[in-house]
Every structure is written in structure tokens, then in C-alpha cells.
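# Remarks on the overall topology
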Amino acid sequence: MNSPSFKWTVLVTSLAFVVAQLDVSIVNLALPQIAGAYRAGISTLQWVIDAYTLAFAVLMLSAGSISDRLGSKRIFQIGMIIFGIASASCALAPNSIYLIIARIIQGIGAAMMIPSSLSLLNQRFAHEPDTRARAVGLWTAAGSAAMAAGPTLGGLLIELANWRFIFLINIPICLAGYLMSFRLVDAQVKVSAKQFDIAGQATWALGITALIATIIEWPRLGFTNPLIIGGLAFSVIMFVIFLIIEKKTHHPMIPLHLFKSGSFNSLLILGAVLNGSYYGSVFILSLYLQKVLHYSSLAAGFAFVPLTVGFVISNVASARVINNYGLWKPILAGLILFAAGFAGLFVAGTSTPYWQLFFPFLIISTGMGLAVPAMINGILSSVDKKLSGTASAILTTARQTAGAIGVAVFGAMAVGSNNAILGGVFKSAAISIGFTLIAVIFIYRLLKKSAH
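Residues numbered from 1 in each chain as written. Predicted model: local features only at pLDDT ≥ 70, side-chain atom pairs only at ≥ 80, totals over all residues. Heavy atoms only, no water.

## Here we look at the overall build of the protein
Counting its secondary structure elements, the protein contains 17 helices and 0 strands. At 21 Å, the protein has a C-alpha radius of gyration in line with the 22 Å of a compact globule built from 452 residues. With 452 residues in all, the protein has 59% of them scored as buried. Within the structure as shown, the protein displays about 17400 Å² of accessible surface, and the carbon and sulfur contribution to it stands at 70%. Where the 27 positive side-chain charges of the protein centre and where its 11 negative ones centre are 4 Å apart. (Helix = DSSP H or I, 4+ residues; strand = E, 2+ residues; numbered from the N terminus. Rg over C-alpha atoms; globule rule 2.2 N^0.38 Å. Buried < 20%, exposed > 50% of the residue type's maximum accessible area, 1.4 Å probe, protein only. Areas by Shrake-Rupley, 256 points an atom, 1.4 Å probe, with all protein chains shown as cover. Lys, Arg positive; Asp, Glu negative; His and termini not counted. Charge placed at Lys NZ, Arg CZ, Asp CG, Glu CD.)

Here it is in C-alpha cells:
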């Protein structure tokens, strides 16, 4: 378990998750500076965040399928190269449109790195469940720590240099991951004889893009605007066509038989709830700390330190917890803590002392950090290892799609004055608690059913 092969595999695959998750959260602290540089409104800022997560979500399924067919190591390396080049383009962006396009390309690279990195882990430890649990826990801990540390690191870079440096930091990480990946062994059996599901990818991409775009532009255009109504209708039609295609094609992008498992479906819903709540809330909290409480970028960055601490502690402990209590009990405990942390955000006001925010931040990240490794292990253990790239891609797609929707919906609640931002904090916390408690009830009933 402690062989160099274990350490090397976890280290290299974790670099992909680190750089992908870092870019999800590090940008949040730079939003006021980006708005000032480009004279951008909140909808443009939402696009800066969601262009990345949207491309991530749209292409994740295809990337997972390609990873299973062409080899996880090859796709991992290509993703690293794309992400590094796109990061340099973000740093050099002369205007907001260029930045958004570069963020889309970053999302393409991330979509290739994440399922292939998980697939490489699963291949290496497919016959060692305890070791895989530890590896996934460390992989998740690295990514979660990066996501949580993003705001702090972003604040430091903005204070010491400027916001463009938040993208330049990705380049050495991508270079290291690419060079180190040559020692990895891609043990997967290739299934390259299968055809690529172009129709499925196209309808999925059109449907999810239309949905996110509609949600982002909703506050600006109004619900009765024909573009909004048409966008919603178009996305529904595309999703229906997508399901029909996947059911009838001989080589589906998503093997629908995976969804016959109740636990598989439950884990997907769980992933969506956690990411939608977390990503959307961090977007609003970044605005709250800087605009309502008037924190500097550096102070706001350090305010998010408890998120890093909670994630790291719970992720590192997750393997032992999973081995002792199974998958579902840690998930249930994590969800309860997650909801309790959001309940603590109701103390937020125009002059709230930081210590009152410290504990909610810590509890939110601890709960999420406890639930996520168990969720990922559950997904990987529920499928044949030849489909591990596809399965991990489905889970990550659900999470990233929900994250993009969370930013769009919660961001829409914060449009306007500082009072609107404060109201957005309350509304987003209430919504997060509601969906989390529904997930708790659902999983509790599933546990009781499996016990019988």
C-alpha cells in the first residue's frame, strides 16, 4: 500500500484534480477586480465562472467515454496540455469575451483530465478496495483542499501582483503533471472498436448550454422574454431527444443500464446537491465578504481558510471512516453537517464579526469532505472497471452541471445592491438546507430498505 507506485499514482492523478478544482474557486476572489478591468456586470461575471464549469459539464461525458476507448493516460496528458495553454490565454485576455472563451477551453482540458485521472486510480487499485478507498480519499483531499484554498491563494496573488496571476499559477502544475504522467501504466483494456456517439454529445451540449445560458440571463431579460421562454423549451426538447438517442443507439455515450442501480442514481443526486449548493454559495459569499463587509481581497481570501481546513481533515480521515462504517453512514453524517453549516450562515449581516462565520465555513467543508470520498468510491465500485472512466464522468458531469446551475441561480439572487447580496446569502442557505435534508431523508430510506 505504501509502495512508490501507490504514492506516485496518487500524486500524479491528484495534480489534475488540484488544478481543475483550484480554477473553480480561485476566480471568485478576483470577481471585483475583473469587473473593474472590463467594466463588467454580474451576468458577465457569472459567465466568467460558468463558462469553465459549463464546458466541463458539457464535455465530461464524451471525455469519459473517449478515455475508456483510447486510453486514460493519453487523454490525461492531452488534457493537461490544453489546460495549461488555456490558462496562459486567460492571463493575457484583453477583454471579457476573450477571457470567457479561454475559460471554455480550460473547461475542455479539465473535462479530459478528471475522468481519466479517476480511471487511472481505479485501474491501479481495482482489486484492492481498501487501498482504492485510501487513494480516492487522498485524491479527493487534494482537490478539495485546492478548491477551498483557491480564494485564499487568489487573495494573496491579487494583493501581491494582480488578478491575472491567478491563471498563471496553473502552468507549472500542468507541466509537472504532464511530465510525471509518463511513469503511469494504463492497464485498461481498450474498446476502440466502438463508435463515438456524436448525436448524443451534440444534443446534450445544446441542451445544457441553453439551460445554463437561460438561467444566467433570466434576471437581466426577465422571465417573459421570448429568449428566456424559448431557451427553456429548447433545453427540454434537447434533453428528451438525448434520452431517445441514448436508448436507441448501439454505442451510447451514456450506457443507460448504469441507471438501473438505485445506489448509482442516489450518488448522482447527492453529487448534484453538494456541488450546486457549495459552488453557488461560494460565489455569493465572495461578493458578500468584499462588497457588504468591505473585506480586501487578501482578507476575504483568508476568511475562507476554514473551508480548506475542514476539507483536508475530513478527506484524509475518510478512508478509515469508510472502511469502518461503509459508504452510506459517512455520507449521511456528512450531509447533516453540511446542512448545519448552512444554517449557521443565517447570522450574516452588514456588520457580522468574522468569528460567527468561521464555524459555518468549517462545518460546511467538513460535512462535504466526509461525504464526497464515500460517494466517489460508491460510484467506482458499482461498475466494471472498463467503464470506470464513463462512470466517473457521469458523476462529475452531474456535479459540474449542478455547480454551474448553482452559480447561475444563486448569482441571480444577488443582482443589485448590497441588500440583494445579503438576501442572496439567506436564500441560498435556505435552498441548500432544503435540498440537503431531502437527500438525507432519501438516503435514510434507502439504508432502511437495504437493511431488510
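## Some thoughts on empty space enclosed by the protein
Under the counting rule described, the total for this entry stands at 3 cavities of 30 Å³ or more. Within this model, the largest cavity holds a volume of roughly 80 Å³. Around the largest cavity, the lining comprises 13 residues; the ones closest to its centre are F17, I114, T396, R399 and Q400. Within the residue set of the lining of the largest cavity, elements represented by two or more residues are α1 (4-25), α5 (96-124), α11 (262-292) and α16 (388-413). Ranked by the residues each element gives to the lining of the largest cavity, the list is headed by α16, at 4 residues. Across the lining of the largest cavity, the residue classes break down as 8 nonpolar, 4 polar and 1 charged. (1 Å grid on protein atoms, 1.4 Å probe; cavity = no way out; pocket = protein on both sides within 12 Å on 5 of 7 lines; lining within 4 Å. Points joined across faces, edges and corners; volume = space filled by probe spheres on them. Nonpolar A, V, L, I, M, F, W, Y, C, P; charged D, E, K, R; others polar.)

## Overview of the packing of α11 against helix α15 (residues 354-381)
Look at α11 against α15: their axes get within 10 Å of each other, and the N-to-C directions meet at 150 degrees. Here α11 is positioned roughly antiparallel relative to α15, judged by the angle of their axes. The two elements α11 and α15 cross, and the hand of that crossing is left-handed. For the pair α11 and α15, the contacting residues are F264, L267, L268, L270, G271, L274, N275, Y278, L285, Y288 and L289 in the first and L357, F361, I364, M368, A371, V372, M375, G378 and I379 in the second. Considered class by class, the residues forming the contact of α11 with α15 number 17 nonpolar, 3 polar and no charged. (Axes fitted to C-alpha atoms, helices over the stretch in contact; angles between N-to-C directions. Parallel < 35°, antiparallel > 145°, perpendicular 65-115°, else oblique. Left-handed = near helix turned anticlockwise from the far one by under 90°. Contact = heavy atoms within 4.5 Å.)

## Quick word on helix α2 (residues 31-38)
Taken residue by residue, α2 has L31, I34, A35 and Y38 as its buried positions. In an axial view of α2, the angular spread of the buried residues amounts to 100 degrees, which keeps them on one side of the axis. Of the residues one or two after α2, R39 is the one with positive phi, at around 50 degrees. (Arc of directions from axis to C-beta.)

## A short note on the side chain of S281
In this structure, S281 sits in helix α11. Assessed through its relative accessible area of 4%, S281 is described here as buried. Apart from the residues lying within four places of it in its own chain, the contact partners of S281 are F342, F410, S428 and S432.

## Considering a nonpolar patch on the surface
On the surface, a nonpolar cluster with roughly 540 Å² of combined accessible area is contributed by L156, L160, F302, V305, V309 and I313. When residues of the nonpolar patch are traced back to their parent elements, those giving at least two are α6 (129-160) and α13 (305-325). It is α13 that contributes the most residues to the nonpolar patch, 3 residues altogether. Following the sequence through the fold, L156 ends up in helix α6. (Patch = residues over 30% accessible without salt bridge, like charges linked within 9 Å, V, L, I, M, F, W, Y side chains within 5 Å. Salt bridge = Lys/Arg side-chain N within 4 Å of Asp/Glu carboxyl O.)

## Details of the nonpolar core
Judged by nonpolar contacts, the single largest core of 135 residues is most densely connected at V27, I34, L99, Y278 and Y288. The leading source of residues in this core is α11, at 15 residues. Each residue touching I34, except ones within four places of it in the same chain, is listed here: V27, R39, L45, V48, L99 and W163. (Core = buried A, V, L, I, M, F, W, Y, C linked by side-chain atoms within 4.5 Å.)

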